[in-house]
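# An overview of the molecular structure
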Amino acid sequence: MYSSLVSRAATALLVGAGIVGAVIELDIDNADSIKNAAATIAYDMMTYYKGNLTGGIPGVLPGPPPNPSWGYYWWESGAMWGTLIDYWHYTNDTTYNDIASAGIQWQVGENQDMMPSNWSQSMGNDDQAFWGMTAMLAAEYNFQNPPAKSPGWLALAQAVFNTQAVRPDMSTCGGGLRWQVYPYLTGYDYKNSIANGCFFNIGARLARYTGNDTYAQHAEKTWNWITNVGLMDHNYNIYDGAHIESNCTDINKVQFSYNMAVWLLGAANMYNYTNGSTIWKERTDGLLNTTLNLFFPDNIAYEIACETKLTCTTDMYSFKAYLTRWLASTTKMAPYTYDLIMPRLRTSAIAAAKQCNGGSNGRTCGLSWSKGTVWDGTQGVGQQMAAMSAIFVNLLPLKEVKPPVTNSTGGTSTGNNNAGSSSVSNPEALKPVKEADKVGAGILTTIVLVGATGMFGWMSI
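Keep in mind the model is a prediction, meaning the values are calculated, not measured.

Thresholds applied
Sequence order sets the numbering: in each chain, residues are counted from 1 along the sequence as written. Local features in this predicted model are restricted to residues whose pLDDT is 70 or higher, and side-chain atom pairs enter the listing and the counts only when it is 80 or higher, whereas totals over whole chains, interfaces and linings include all residues. Values reported for side chains reflect all heavy atoms of the structure, with hydrogen atoms and water molecules removed beforehand. For this analysis, a salt bridge means a side-chain nitrogen from Lys or Arg found within 4 Å of a carboxyl oxygen belonging to Asp or Glu. Here a strand is any run of E in DSSP of at least two residues, a helix any run of H or I of at least four, and the numbering for each starts at the N terminus. Under the scheme applied here, a residue whose accessible area is under 20% of the maximum for its type counts as buried, over 50% as exposed, and between as partly exposed, the area being computed with a 1.4 Å probe on protein chains only. Here the expected span of a helix is defined as 1.5 Å times the quantity of residues minus one. Only heavy atoms enter the contact rule, under which two residues are in contact if any of them lie within 4.5 Å. When the sulfur atoms of two cysteines come within 2.5 Å, that pair is taken as a disulfide.

Further remarks concern the pattern of salt bridges. A pair can form between side chains of opposite charge whenever their charged atoms are brought close. Within the structure shown, the criterion is met by eight salt bridges. In this structure, the salt-bridge partner of Lys-281 is Asp-285, at a minimum N-O distance of 2.7 Å. Of this pair, Lys-281 and Asp-285 both sit in helix 10 (residues 278–295), four residues apart, roughly one helical turn. Residue Lys-281 is classed as partly exposed on the basis of its relative accessible area, which comes to 32%.

Dropping the structure here:
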C-alpha cells in the first residue's frame with residue numbers, strides 16, 4: 001500500500017510541476033489509471049483547503065461567501081471529507097486520512113453533535129446531516145478511529161440523528177423537518193426534501209448498522225411524510241420543498257440529483273435491513289429508474305436544474321459527487337442494481353475525465369461532462385469532487401471493494417445511544433473565530449504532517 005501511495009502522490013506532484021501531460025488521462029478498464037486520475041483530481045481539490053495551514057481553521061474550506069465571494073458553506077466541507085473517505089475506501093490511498101479525521105473532529109461542536117456554534121448563523125438540518133452522513137460512512141468503512149476521549153464516528157452519527165428526531169414539526173404540513181434549525185434563520189418556514197432525505201438516510205443506515213429497529217421506524221415515518229405531503233410523487237420524482245404558510249401546497253418542483261441519490265441510498269439500506277422486502281425493493285427500483293431516466297441523458301450524469309446554462313450555485317456544482325458515490329453504494333446494499341448502475345457510472349467517468357482539461361494547470365475539471373473536451377470554464381471544489389467521485393467508483397468492477405460493515409460484521413466504531421442529549425435548541429449567535437482556533441490549526445497541521453513525512457507539504461505550494 002505504501003509504495004502505491006508514494007507512486008500516485010509522486011505522479012500528482014510531477015503533474016503539478018508540469019513534467020507530464022496536463023490533461024487527465026484515463027483508461028477506465030485499468031485500476032492503476034483510475035487511481036492515478038482520481039489522485040491527481042484529489043490533489044487539485046485539496047489546494048482549495050487552507051485549514052491545514054497556520055492561521056487556517058481546521059475542517060473547513062474558505063468561506064462562507066461573501067468572504068471570499070467564491071467561498072463555501074460549512075456543509076460542503078463535511079461533504080468533501082466524506083468524499084475523501086470514500087476515495088480511501090476505493091483506492092486504498094491513505095494520503096488524506098489523517099487530515100480528514102482531524103478536520104471532522106475539529107468541527108464536532110461543543111456538544112459533540114455536529115453543530116458548532118461558530119456556524120449557528122447558517123445551520124440547516126441538511127448542513128448538520130451532511131457531517132452526520134460523513135461520520136456514518138466512517139463507521140461503516142471502519143475508518144481510522146478518532147483519538148481517545150474523542151467521540152466515535154458512530155456516536156457522532158447517532159448524535160445528529162437524535163438531535164433531529166425531535167425536530168419534526170407536527171403542527172405544520174403534517175410533520176417533517178424544516179430546512180433550517182433555528183427560527184431566526186431564513187428558510188425556517190420551508191420544509192424540503194434534502195433535510196428530510198438526509199435524516200431518512202442516516203436513520204436507515206443506523207438501523208442496518210446497529211440492528212435497532214427504532215431507527216428504521218423513524219425512516220419509515222419520514223418516507224410516509226414525504227410521499228403524503230407530495231414532495232415525492234407516485235412516479236418517484238422528488239421536488240425541492242414547500243412553505244409552511246401554504247401548508248406545504250406551494251411545492252417548488254425543481255429537481256436535483258442529490259435529492260434523488262440521498263433517498264435512493266436510504267431506500268437501498270432499508271431493502272438490505274429488511275432482508276430484501278418487497279416494499280423496499282419496489283421503492284428502491286422506483287427511485288433508481290427515475291434517477292437514471294432524469295439525470296443520465298445519453299448515460300452521462302447531468303444536473304438538469306442548472307447545467308444547461310451553467311446557472312448553478314456553488315453548492316450545486318458538487319451534487320454529481322453525491323449522485324455517483326451514492327449510486328455506487330446502492331450496488332452494495334442492493335446488488336441486483338449493479339447492472340443498471342455501473343454502465344452509467346462508466347460513461348460518466350470517461351466524460352468527466354475529458355472535461356478536466358481547463359484552468360491554468362490544463363487539467364481543472366468543469367461540470368459539463370457531456371461537452372467532452374470543451375471545458376465549460378467553471379472550476380472549484382464541487383467540480384473536482386464530482387469528477388473524482390465519478391472516476392474512482394469505477395474501481396468496483398476491477399477490484400474488491402468491501403461493502404459497509406455493521407456492528408455484527410466487524411464494525412469497531414464506538415457508539416452512544418444518548419449522543420446529542422446535551423444539545424441546545426437555540427445557541428448564541430455566530431461567534432467570531434477565536435484566535436485560539438486559528439493557532440490550533442497550525443498545531444494540528446504539525447501533528448498531521450509528522451505522520452505524513454512531508455506528503456502534505458506540496459499541497460500548500
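Let us look at helix 6 (residues 153–165). In an α-helix, one turn spans 3.6 residues, which is why side chains three or four residues apart end up on the same side. Taking 1.5 Å of rise per residue, the 13 residues of helix 6 would be expected to cover 18 Å, and the 18 Å separating its terminal C-alpha atoms lies within 8% of that figure. Helix 6 sits mainly inside the fold: eleven of its 13 residues count as buried. If you check which residues of helix 6 are buried, you get Trp-153, Leu-154, Ala-155, Leu-156, Ala-157, Gln-158, Ala-159, Val-160, Phe-161, Thr-163 and Gln-164. The inward-facing, buried residues of helix 6 abut helix 4 (97–106), helix 5 (125–140), helix 7 (193–210) and helix 8 (213–229).

This next bit is on the state of the cysteines. According to the stated counting rule, one finds three disulfides in the structure shown. Note on cysteine connectivity: Cys-306 is disulfide-linked to Cys-312, with sulfurs 2.0 Å apart. One disulfide, between Cys-306 and Cys-312, carries an S-S torsion of 85 degrees and so falls in the right-handed class. Under the relative-accessibility criterion, Cys-312 is labelled buried at 10%. The connectivity of the disulfide-linked cysteines in the protein, indexed sequentially, is 1-2, 3-4, 5-6.

That's the geometry; what it means functionally is another story.
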